[in-house]
Amino acid sequence: MIDLRSDTVTLPSPTMRQAIFDAPLGDDVFGDDPTVNKLQAAAADVVGKEAALLVPSGTMANLVSVLAHCRRGEEVILGSQAHIFWYECGGMSAVGGLHPHTVPNQKDGTILLEDIEKAIRPFNDHFPRTRLICLENTHNRCRGAILTPEYTDSAGALAKEKGLKVYIDGARIFNASVALGVDVKDLTRSADSVSFCLSKGLACPVGSLVCGSKEFIAEARRMRKSLGGGMRQAGIIAAAGLVALDEMIDRLSEDHANAKTLAEGISNIEGLSVDIESVHTNMVYVEVSDSAIEPEAFLEQCRQKGLDFVQTDTRTFRMVTHYGIDKSHVDNAVSILADVAKR
Ligand SMILES: *Cc1c(COP(=O)(O)O)cnc(C)c1O
């Protein structure tokens with residue numbers, strides 16, 4: 001099966017499996033796991049923050065981060081297409097008593113600064129207090145769109161002027177830095193905190209890192225414990241993460257090239273349409289434009305021929321390239337799609 005459902009389906013590399021086997025371990029709730037400590041130091045260093053914290057998932061990374069930044073009843077400004085808003089069970093409200101204030105995401109994943117500014121509450125006894133702005137890079141629901149250093153800096157400057165914090169959900173922030181050819185620090189320097197996933201394009205089995213000041217990470221650590229995310233010999237997770245930081249970041253450019261090749265191949269298939277311009281990183285969105293093909297049957301027939309991906313809307317499908325998908329898989333995927341689409 002050529003599995004393009006997500007980059008979360010990636011399996012650990014042979015080097016990761018060996019590193020997991022060899023990792024020195026300890027009890028991380030006591031702060032004693034040397035491999036976790038090494039990964040947290042390395043992660044903080046890579047994104048240019050003082051400290052970092054290993055958590056089990058991107059969802060927990062987002063939750064501990066907003067909880068560490070805000071008190072109950074406070075307001076969080078975030079994009080209308082944010083992963084935090086759509087796909088995390090409303091955790092910030094359910095668990096944190098926080099008030100999400102969504103403002104429109106533009107197609108390029110940004111939120112207009114003027115919209116952010118309008119959303120910030122003035123002092124008034126009736127209003128919740130605005131505390132935090134959440135950005136997302138790359139932007140999942142905006143087709144893997146990339147926020148630039150310039151945009152992030154301008155949002156950071158606005159936040160600073162208004163006394164707010166900025167958090168970046170950087171589940172795929174290395175896809176952004178690799179695609180732009182900039183140091184990831186340029187994408188994080190204006191944020192108070194940032195998280196990234198090990199378990200997506202970086203191909204680890206588990207884990208995300210939350211990064212920020214020492215003080216913020218101390219608070220995030222408490223929140224992680226309260227959510228049940230304190231793990232004991234977590235070095236078996238961290239070991240793969242250390243390999244990922246060394247070996248899996250630069251290769252993301254291969255995924256981006258494969259996504260472009262896939263999109264170009266699909267653009268030649270009658271009945272399917274793809275906006276090549278909107279292929280920013282490793283995600284390709286395909287519209288079934290020919291009403292002769294029933295969308296459900298389309299996906300089902302592709303699966304029967306060995307190609308899997310996800311449906312995101314009535315006629316829209318998402319395909320994600322990743323470690324484990326090479327050029328020959330892409331070529332095969334295009335022929336399967338062509339074959340199914342012509343019926
Ligand atoms: C995948 C993803 C998450 C959540 O990560 P999980 O490890 O699946 O919980 C958060 N934010 C974005 C932008 C993501 O793409």
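Worth saying up front: this structure is predicted, and the values here are computed from it rather than measured.

Calculation criteria
- Residues numbered from 1 in each chain as written.
- Predicted model: local features only at pLDDT ≥ 70, side-chain atom pairs only at ≥ 80, totals over all residues.
- Heavy atoms only, no water.
- Domains from an automatic or database assignment.
- Contact = heavy atoms within 4.5 Å.
- Buried area = accessible area lost by both parts, 1.4 Å probe.
- Salt bridge = Lys/Arg side-chain N within 4 Å of Asp/Glu carboxyl O.
- Polar contact = N/O pair within 3.5 Å; in protein donor to acceptor, adjacent residues only side chain to side chain.
- Helix = DSSP H or I, 4+ residues; strand = E, 2+ residues; numbered from the N terminus.
- Nonpolar A, V, L, I, M, F, W, Y, C, P; charged D, E, K, R; others polar.
- Axes fitted to C-alpha atoms, helices over the stretch in contact; angles between N-to-C directions.
- Parallel < 35°, antiparallel > 145°, perpendicular 65-115°, else oblique.
- Near = heavy atom within 4 Å.
- Areas by Shrake-Rupley, 256 points an atom, 1.4 Å probe, with all protein chains shown as cover.
- Phe/Tyr/Trp six-rings, centres within 6.5 Å; stacked < 30°, edge-to-face > 60°.
- Buried < 20%, exposed > 50% of the residue type's maximum accessible area, 1.4 Å probe, protein only.
- Lys NZ or Arg CZ within 6 Å of the ring centre and 35° of its normal.
- Pairing = 2+ DSSP bridges.

Undergrad: Would you take a moment to explain the domain arrangement of the protein chain for this structure?
TA: A common way to report how large an interface is uses the accessible area buried once the components associate. In terms of domain boundaries, the protein chain breaks down into domain 1 (11–247) and domain 2 (251–341). In this complex, domain 1 contributes 19 residues to the contact, which on the side of domain 2 involves 14 residues. Both sides of the domain 1 and domain 2 interface together cover about 1400 Å² of buried area, and 57% of this is carbon and sulfur. Put simply, domain 1 and domain 2 have one salt bridge between them. Glu287 is the salt-bridge partner of Arg143, the closest N and O atoms lying 3.4 Å from each other. At the boundary of domain 1 and domain 2, one finds four residue pairs in polar contact (both at pLDDT 80 or more). It is helix H8 (residues 173–180) that provides the largest number of residues to the side of domain 1 that touches domain 2, a total of four residues. Its residues placed into classes, the side of domain 1 that touches domain 2 shows ten nonpolar, six polar and three charged.

Undergrad: What should I look at first to understand the packing of H8 against helix H12 (residues 252–267) in this one?
TA: When two helices pack together, their arrangement is given by the angle between the helix axes and the distance between those axes. Orientation of H8 relative to H12, taken along the N-to-C sense of each, is 80 degrees, at an axis distance of 9 Å. Overall, the two elements H8 and H12 adopt an arrangement that is roughly perpendicular. In this structure, H8 contributes Phe174, Asn175, Val178 and Ala179 to the contact, and H12 contributes Leu252, Ser253 and His256. The residue inventory of the contact of H8 with H12, partitioned by class, reads four nonpolar, three polar and no charged.

Undergrad: Could you clarify how one ought to interpret the side chain of Gln40 in this entry?
TA: With respect to the helices, strands and loops of the structure, Gln40 is situated in helix H2 (residues 34–47). Apart from the residues within four sequence positions on either side, Gln40 is in contact with Ala52, Leu53, Leu54, Leu209 and Arg224.

Undergrad: It is not clear to me how the site of the ligand should be interpreted in this structure. Could you clarify?
TA: Around the ligand sit 13 residues in total, of which Gly58, Thr59, Asp169, Arg172 and Lys200 are the nearest. Asn140 places a polar side-chain atom, nitrogen or oxygen, 3.0 Å from an oxygen atom of the ligand. Within the side chain of Asp169, a nitrogen or oxygen atom sits 2.6 Å from a nitrogen atom of the ligand. Computed on the free molecule, the ligand has an accessible area of 380 Å², of which 85% lies beneath the protein chains in the complex. If one sorts the elements of the shell around the ligand by residue count, helix H3 (residues 58–69) sits on top with three residues. Residue classes in the shell around the ligand are distributed as two nonpolar, six polar and five charged.

Undergrad: Explanation requested: the packing of aromatic side chains in the structure shown.
TA: Two descriptors summarise a pair of aromatic rings, namely the distance from one centre to the other and the angle between the planes of the rings. Enumeration according to the criterion identifies five aromatic pairs in this entry. Ring centres of Phe174 and Phe196 lie 5.0 Å apart, and the angle between their planes is 80 degrees; this geometry places the pair in the edge-to-face category. One end of the pair, Phe174, is in helix H8; the other, Phe196, is in strand E7 (residues 193–197), with 22 residues separating them in the sequence. Looking at Phe174, the relative accessible area reads 4%, which means it is buried. On the basis of an interplanar angle of 65 degrees and a centroid distance of 5.2 Å, the ring pair of Phe298 and Phe317 is categorised as edge-to-face. Here Phe298, found in helix H13 (residues 295–304), pairs with Phe317, found in strand E13 (residues 316–320); they are 19 residues apart in sequence, far enough to count as distant. Neither Phe298 nor Phe317 differs from the other in exposure class; each is buried. For Arg121, the ring lying beneath its charged end belongs to Phe127, and the centroid distance is 5.3 Å.

Undergrad: Explain the sheet that holds strand E5 (residues 130–136) here, please?
TA: Backbone-to-backbone hydrogen bonds join strands into a sheet, with any given pair of strands oriented parallel or antiparallel. In space, the seven strands of this open sheet follow the order E2-E8-E7-E6-E5-E3-E4, with mixed pairing throughout. Edge positions in the sheet fall to strand E2 (51–55) and strand E4 (99–103), since each has one partner strand and no second. With strand direction ignored, the average angle separating the axes of adjacent strands in the sheet is 20 degrees. Along the sheet, H2 makes contact with E2, E7 and strand E8 (208–212), crossing E2 at roughly 125 degrees.

Undergrad: I tried to follow the pattern of salt bridges on my own but got confused; where do I start?
TA: Following the criterion strictly, the structure yields 21 salt bridges and no others. With its nearest N and O atoms 2.7 Å apart, the salt bridge here joins Arg121 to Glu75. Here Arg121, found in the loop between helix H6 (113–119) and E5, pairs with Glu75, found in strand E3 (residues 75–79); they are 46 residues apart in sequence, far enough to count as distant. Residue Arg121 is classed as partly exposed on the basis of its relative accessible area, which comes to 27%. Within the structure, one salt-bridge network assembled from shared partners comprises Asp3, Arg5, Glu300, Arg303 and Asp308.

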